[in-house]
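Understanding the architecture of this molecule
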Amino acid sequence: FLYKFFKFFIIRFVCKYLKADITHNRKLMKKIAISNGPLETKKLATLFKANLQKGDVVLLKGEIGAGKSHFARSLIQSAMYIKEEVPSPTFTLVQVYDTTIGSIWHADLYRLNDYSDVIELGLIDAFGEEIVLLEWPERLGYLEPKDSLTIEIIILEGDRREIIFSTTSNEWKPRLDKILKDQ
């Protein structure tokens, strides 16, 4: 019991204060797509939606204006029974949508101050149970789920974007291969 107790706190300390990336010797997998504009990004998000399942956590990274909200909005709208407006959750922090693939939680963590805010929003309870799309996941710190998928959107020139999919989870590899093959 004491061993597990100390191990938990040591890992927590390392992740939180030393900002270490502990992946338990799992290999990082990366796949890259290029989008030539918003329509191509929307198509990619729609293809991605078809491969999501309950319990998936997707971390959306990129500078302001890179297209994180556009990607999330396109994905959510493609999964809706009846298409409706999907606002950015910048001020509401979390929006939950009932869709054809289950509940999708869309959260924007930009305005959060610390990890306790993440817990208070109920996001930890949604991890592993619902589909969760998180913008500004850096605010998660040590609470970041180990089997999550990171999608980093990098502005190239004009409307062109480099979209990098990365994860240490083996569950994502066949799904990403299918998505990027269909693109």
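As for the overall build of the chain
Counting secondary structure elements, the chain contains six helices and seven strands. Looking at the 183 residues of the chain, the share that counts as buried comes to 43%. Of the contacts made within the chain by residues no fewer than 6 positions apart, 65% connect residues no fewer than 24 positions apart.

What about the pattern of salt bridges?
Counted by the stated rule, this structure contains four salt bridges. A salt bridge links Asp177 to Lys173; the nearest nitrogen and oxygen atoms lie 2.9 Å apart. Taken as a pair, Asp177 and Lys173 lie in helix α6 (residues 172-182) at a separation of four residues, close to a single helical turn. We classify Lys173 as partly exposed; its relative accessible area is 41%.

Focus: the environment of Leu93
Its location among the elements puts Leu93 in the loop between α3 (68-79) and β3 (94-99). Overall, the relative accessible area of 16% leaves Leu93 in the buried class. As a C-alpha pair, Leu93 and Leu121 span 28 residues in sequence and 8.2 Å in three-dimensional space. Dropping the residues within four chain positions of it, Leu93 is found in contact with His106, Ala107, Asp108, Arg111, Leu112 and Leu121.

Observations regarding the nonpolar core
Of all hydrophobic cores here, the largest spans 29 residues; its most connected members are Phe48, Phe71, Ile151 and Phe165. Of all the elements in the fold, those that place two or more residues in this core are β1 (29-35), α2 (38-49), β2 (57-61), α3, β5 (131-135), β6 (149-155), β7 (161-167) and α6. Among the elements that take part in this core, α3 stands out by supplying five residues, more than any other. Beyond its immediate sequence surroundings of up to four residues, Phe48 is in contact with Val58, Phe71, Leu75, Leu149, Ile151, Phe165, Trp172, Leu176 and Ile179. Core analysis: the next-biggest nonpolar cluster, separate from the first, contains 18 residues, Val57, Ala107, Leu109 and Val132 among them.

Some thoughts on the layout of surface pockets
In this structure, the second largest pocket spans a volume of roughly 200 Å³. In this structure, the second largest pocket is lined by Ile64, Gly65, Ala66, Gly67, Lys68, Ser69, Ser88, Thr90, Asp108, Tyr110, Glu135 and Trp136. In the lining of the second largest pocket, the residues fall into four nonpolar, five polar and three charged.

Looking at the confidence of the model for the chain
Of the residues in the chain, 85% reach a pLDDT of 70 or more, and the chain-wide mean stands at 85. Confidence drops under a pLDDT of 50 for residues 14-23, and excluding neighbours within four residues, the segment shows twelve contacts in the predicted structure.

Overview of the side chain of Lys68
Among the structural elements, Lys68 can be located in helix α3. The charged side chain of Lys68 is buried without a salt bridge, its nearest counter-charge being Glu135 at 5.0 Å. Dropping the residues within four chain positions of it, Lys68 is found in contact with Leu60, Lys61, Gly62, Glu63, Glu135, Trp136 and Ile153.

A short note on the packing of aromatic side chains
Counted by the stated rule, this structure contains four aromatic pairs. On the basis of an interplanar angle of 35° and a centroid distance of 6.0 Å, the ring pair of Phe48 and Phe165 is categorised as tilted. On the criterion of sequence distance, the pair formed by Phe48 in helix α2 and Phe165 in strand β7 is long-range, its members being 117 residues apart. Grouping residues by exposure puts Phe48 and Phe165 together as buried. The interplanar angle of 5° and the centroid separation of 6.0 Å between the aromatic rings of Phe48 and Trp172 together place this pair among those described as stacked. Taken together, the positions of Phe48 in helix α2 and Trp172 in helix α6 put the pair 124 residues apart, joining distant regions of the chain. Taken individually, Phe48 and Trp172 each receive the classification buried, so the pair is uniform in this respect. Connected via pairs of aromatic rings, a cluster forms that spans Phe48, Phe71, Phe165 and Trp172. The ring of Trp172 has Arg175 sitting right over it, with the charged end atom 4.0 Å from the ring centre.

Rules and cut-offs
- Residues numbered from 1 in each chain as written.
- Predicted model: local features only at pLDDT ≥ 70, side-chain atom pairs only at ≥ 80, totals over all residues.
- Heavy atoms only, no water.
- Helix = DSSP H or I, 4+ residues; strand = E, 2+ residues; numbered from the N terminus.
- Buried < 20%, exposed > 50% of the residue type's maximum accessible area, 1.4 Å probe, protein only.
- Contact = heavy atoms within 4.5 Å.
- Salt bridge = Lys/Arg side-chain N within 4 Å of Asp/Glu carboxyl O.
- Core = buried A, V, L, I, M, F, W, Y, C linked by side-chain atoms within 4.5 Å.
- 1 Å grid on protein atoms, 1.4 Å probe; cavity = no way out; pocket = protein on both sides within 12 Å on 5 of 7 lines; lining within 4 Å.
- Points joined across faces, edges and corners; volume = space filled by probe spheres on them.
- Nonpolar A, V, L, I, M, F, W, Y, C, P; charged D, E, K, R; others polar.
- pLDDT = per-residue confidence, 0-100.
- Lys, Arg positive; Asp, Glu negative; His and termini not counted.
- Phe/Tyr/Trp six-rings, centres within 6.5 Å; stacked < 30°, edge-to-face > 60°.
- Lys NZ or Arg CZ within 6 Å of the ring centre and 35° of its normal.

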